[in-house]
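Okay, here's what each chain looks like letter by letter:
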Amino acid sequence: MKNFLQYELWKNCNNRCKFCYNLGQKNYSDIKNRLRTIIEDIKNIDYKKFSDFGITGGEFFDGQLDELNLKSDFYILINEICKKIKEKKIIRFLVNTSFIYKSRDDIIFFIETLKRNKCLTETLFCTSFDTIHRFNESSLKTWKDNMKFLYKKYKIRIHTEIIITNDFCKKILNDEFNIIDFQNKYHTFVDFIQPAVPYGLNKTKKEFEKTVKNFFPERKIFLSTIKKLQNMGYDLTRFLSIDDHADETHCVLNGKIKNVKNRTILEKYISPYRKPNQVGYIDSDKFMREDVELFLLDV
Ligand code: SF4
């Protein structure tokens, strides 16, 4: 089995999604030093255990590299990753990016660097799409344009994560959103994630829902949604990985560097740093993934 190790480089991002995991959290005080530590870490990772390696933010390609004055260190890191790809120690390189940026200069420079190093085919770009609370009209257009342009120009591989909001479920039920059409249109494949209160806000989901409406799904609506998707022939096992997709994340939680092991047997349904009243259904503390498992057993 491939294990996926992810490093969070920084939290800076210009998009301000209302549900961003980074909301309310402190950033690192010394990003330059952190990058250098990661560059050293890369050399010593146990690649027998981790064959997938990922970087996440924040955002990297919306002016952050210039703004934070980190471009040379960032590319030293990317070159080290490319070396490990060429040595076949890293099999997949996963890069989180919003694709919401007006200027494509930074992402094109990044893609060209990977291409020059012959590492583009091992790279998977991981983006997000949501039917509510992520985009305004202009940012949605930017996202769509970038998805189409970058695929057409470079044939990059793109994975898209969608939060299972109540709004998303209703749009599936009302035939306003079709996952297969979406995948075909944007040359991507979709995975899902359960809604959660941003880590730094210390609120319950009921408190959070007062300002971010239609975010947490009602249990009945979610169950109808998976039933409909199954009737349409959709592979529901895609709903089994709805918490963090990385097996281990080296990140900063409220200003402190942490290595979070996301999937342990005891915490099968929820990341260790979440509470049941901060994730999943608005009207139940049952685990969404457990419901999917029971549903799959039933049919
Ligand atoms: S694009 Fe991602 S990192 Fe940026 S604000 Fe939105 S959720 Fe947060």
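Cut-offs applied
- Along each chain, numbering runs from 1 in the same order as the chain's sequence is written.
- pLDDT decides what is reported in this predicted model: residues at 70 or higher carry local features, side-chain atom pairs at 80 or more are listed and counted, and totals for whole chains, interfaces and linings draw on all residues regardless.
- Only DSSP runs of H or I covering at least 4 residues are called helices, and only runs of E covering at least 2 are called strands; the numbering of each starts at the N terminus.
- In this treatment the radius of gyration is a C-alpha quantity, and the globule benchmark scales as 2.2 Å times the residue count to the 0.38 power.
- Here a residue counts as buried when 20 or more other C-beta atoms sit within 10 Å of its C-beta, as exposed when there are 12 or fewer, and as partly exposed otherwise, the C-beta atoms being derived from the backbone.
- Our contact criterion uses C-beta atoms placed from the backbone: two residues qualify when those atoms are within 7 Å.
- For each residue, a C-beta atom is positioned from the backbone; the residue is called near a molecule or strand if that atom sits within 6 Å of it.
- Classes in brief: Ala, Val, Leu, Ile, Met, Phe, Trp, Tyr, Cys and Pro nonpolar; Asp, Glu, Lys and Arg charged; the others, Gly included, polar.
- Criterion used throughout: strands pair if DSSP finds at least two bridges between them.
- Looking down the strands as they point away from you, a crossover is right-handed if its path from the first strand over the helix to the second goes clockwise.
- To obtain each axis, a line is fitted to C-alpha atoms, and for helices this fit is confined to the stretch in contact; angles are then taken between N-to-C directions over 0 to 180 degrees.
- Reported orientations rely on four angle classes, namely roughly parallel under 35 degrees, roughly antiparallel over 145, roughly perpendicular from 65 to 115, and oblique for the rest.
- We call a crossing left-handed when the near helix sits turned anticlockwise from the far one by less than a right angle, and right-handed when that turn is clockwise.
- By convention the nonpolar core is taken to be a set of buried residues drawn from Ala, Val, Leu, Ile, Met, Phe, Trp, Tyr and Cys and joined through C-beta atoms within 7 Å.

Quick word on the overall build of the chain
Counting its regular elements, the chain contains 10 helices and eight strands. Rg of the C-alpha trace for the chain: 19 Å, near the compact-globule value of 19 Å for 299 residues, within the 12% margin. Here the C-alpha coordinates of the chain stretch approximately 50 × 40 × 35 Å along the principal axes. Buried positions account for 32% of the 299 residues belonging to the chain. In the chain, the share of contacts with a sequence separation of at least 24, taken over all contacts with a separation of at least 6, comes to 80%.

A short note on the site of the ligand
Around the ligand, a shell composed of C13, N15, R16, C17, C20, N22, G57, G58, E59 and S98 is seen. Here the shell around the ligand is composed, by residue class, of three nonpolar, five polar and two charged.

Some points on the pairing of strand β5 (residues 157-163)
As paired elements, strand β4 (residues 123-128) and β5 share five bridges and run parallel to each other. Within β5, the residue paired with C126 across the bridge is H159. With helix α5 (residues 137-154) bridging β4 and the parallel β5, this β-α-β connection has right-handed handedness. Relative to strand β6 (residues 188-193), β5 runs parallel, the two sharing six bridges. When the bridges of β6 are listed, H159 appears paired with F189.

A short note on the sheet that holds β5
Strand order in the open sheet formed by eight strands is β6-β5-β4-β3-β2-β1-β7-β8, and the pairing between neighbours is mixed. Each having just a single partner strand, β6 and β8 (256-261) make up the two edges of the open sheet. Neighbour-to-neighbour, the strand axes of the sheet open up by a mean angle of 25 degrees, direction not taken into account.

Observations regarding the packing of helix α6 (residues 166-173) against helix α9 (residues 219-231)
Contact geometry for α6 and α9: axes closest at 9 Å, N-to-C directions at 40 degrees. One finds that α6 runs oblique with respect to α9. For the pair α6 and α9, the sense of crossing is left-handed. Residues N166, C169, K170, I172 and L173 of α6 form the contact with α9, whose participating residues are I221, F222, S224, T225, K228 and L229.

Looking at the nonpolar core
With 39 residues, the main nonpolar core has L35, F53, I81, I85, F93 and V95 as its most contacted residues. Put simply, the parts of the chain that give this core at least two residues each are β1 (3-8), α1 (31-44), β2 (50-56), α3 (71-86), β3 (92-96), α4 (105-116), β4 and α5. With six residues, the single largest contributor to this core is α3.

Focus on the pairing of strand β7 (residues 248-253)
Both faces of the sheet carry side chains from a regular strand, because those side chains alternate between them. Pairing of β1 with β7 involves three bridges; the strand directions are parallel. Counterpart to Q6 in the pairing with β7 is T249. Bridge count between β7 and β8: six bridges; the pairing is antiparallel. Its bridge partner lying in β8, H250 is registered against N259. Once β7 ends, the chain turns through two residues before running back antiparallel as β8, passing N254 with a positive phi of about 50 degrees.

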